[in-house]
Amino acid sequence: MSLMSVTSEDLFGYAGWRLLEMAACPPLWLPWLSGQGSLTRQLKAYKPGFALQLLQQQQLQLPAQLAERWQCQYGLRREVLMSLNGQAAVFAQSWLPTTTLNALQPLATLGEQPLGEYIFTQPQLSRGVIEVACLPQGLDLPAAQDVAQAELWGRRSYFSLQQHEFLVQEIFLTGWLDP
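Residues numbered from 1 in each chain as written. Predicted model: local features only at pLDDT ≥ 70, side-chain atom pairs only at ≥ 80, totals over all residues. Heavy atoms only, no water.

Caption draft 1: Local environment of the overall build of the chain. Helices and strands together make up the secondary structure of the chain, namely five helices and eight strands. Starting at the N terminus and ending at the C terminus, the chain contains elements arranged as β-α-α-β-α-β-β-α-α-β-β-β-β. Relative to its full complement of 179 residues, the chain shows a buried share of 47%. In the chain, the share of contacts with a sequence separation of at least 24, taken over all contacts with a separation of at least 6, comes to 67%. (Helix = DSSP H or I, 4+ residues; strand = E, 2+ residues; numbered from the N terminus. Buried < 20%, exposed > 50% of the residue type's maximum accessible area, 1.4 Å probe, protein only. Contact = heavy atoms within 4.5 Å.)

Structure, rendered in structure tokens:
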């Protein structure tokens, strides 16, 4: 896929994902990209006015690589926008296989509740390695339709909760972070 044709639906398959240690992340973004805890908690501590908007949640066929990894053909793709004081800050996309949803029912019914508020209260949560990507200018995100976005940084990692895995990808939008 060309750089300019990357959409939110293509994020998982984007070829630019790298291990955090292998990427040259700008110092301004490093604390956000490398954080191991709840991004929701980190955002709330940074500025007041946190809000989450559920943009889309749908059952669909998983991308081939995820279907193979999870030995499951279908799952849920959930997309949300996190804002601070009315300014879009983070576009997040989660992939949850049907097997995980069946075992962990609350994940299927979060609505406008942040995923991080639920999973980071669970004692059996574990996080895999963090991968990061510098996404090209022109990335087509539902959250950024009215904003001319420059290149954006994102992170993703697999989580396991009670031995059921899912993927979370978070794209940091521009303009809300103080330099």
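Next comes the rest of the write-up.
Caption draft 2: Structural detail: the pairing of strand β7 (residues 152–161). β7 sits mainly inside the fold: nine of its ten residues count as buried. Two strands pair when backbone bridges link them, and strand β5 (residues 125–127) and β7 are joined in this way by three bridges, in the antiparallel orientation. Paired with L125 across the two strands is L161, which belongs to β7. Direction of pairing for strand β6 (residues 131–135) relative to β7: antiparallel, over a ladder of five bridges. Following the sheet pairing, E131 is matched in β7 by R156. Sheet topology note: the β7/strand β8 (residues 164–172) ladder contains nine bridges and is antiparallel. Note that in β8 the partner of S157 across the bridge is V168. (Pairing = 2+ DSSP bridges.)

Caption draft 3: Representation of the pattern of salt bridges. Within the structure shown, the criterion is met by five salt bridges. In this structure, R69 engages E165 in a salt bridge whose closest nitrogen and oxygen atoms are separated by 2.6 Å. Of this pair, R69 sits in helix α3 (residues 64–70) while E165 sits in strand β8, placing them 96 residues apart in sequence. (Salt bridge = Lys/Arg side-chain N within 4 Å of Asp/Glu carboxyl O.)

Caption draft 4: The arrangement of the pairing of strand β4 (residues 87–97) in detail. Of all eleven residues making up β4, nine are buried, and the element is well covered by its neighbours. As paired elements, strand β3 (residues 74–84) and β4 share ten bridges and run antiparallel to each other. Paired with R78 across the two strands is S94, which belongs to β4. Counted along the chain from β3 to the antiparallel partner β4, the turn is two residues long, and its residue N85 has a positive phi close to 50°.

Caption draft 5: Representation of the side chain of E79 within the structure. Summarising the element assignment, E79 is placed in strand β3. Side chain to side chain, E79 and Q93 meet in a polar contact 2.7 Å long. (Polar contact = N/O pair within 3.5 Å; in protein donor to acceptor, adjacent residues only side chain to side chain.)

Caption draft 6: Representation of a nonpolar patch on the surface. Together, L19, M22 and V129 make up an exposed nonpolar region whose accessible area comes to about 310 Å². Along the chain, L19 turns up in strand β1 (residues 18–19). (Patch = residues over 30% accessible without salt bridge, like charges linked within 9 Å, V, L, I, M, F, W, Y side chains within 5 Å. Areas by Shrake-Rupley, 256 points an atom, 1.4 Å probe, with all protein chains shown as cover.)

Don't take any of this as a statement about function, it's just geometry.
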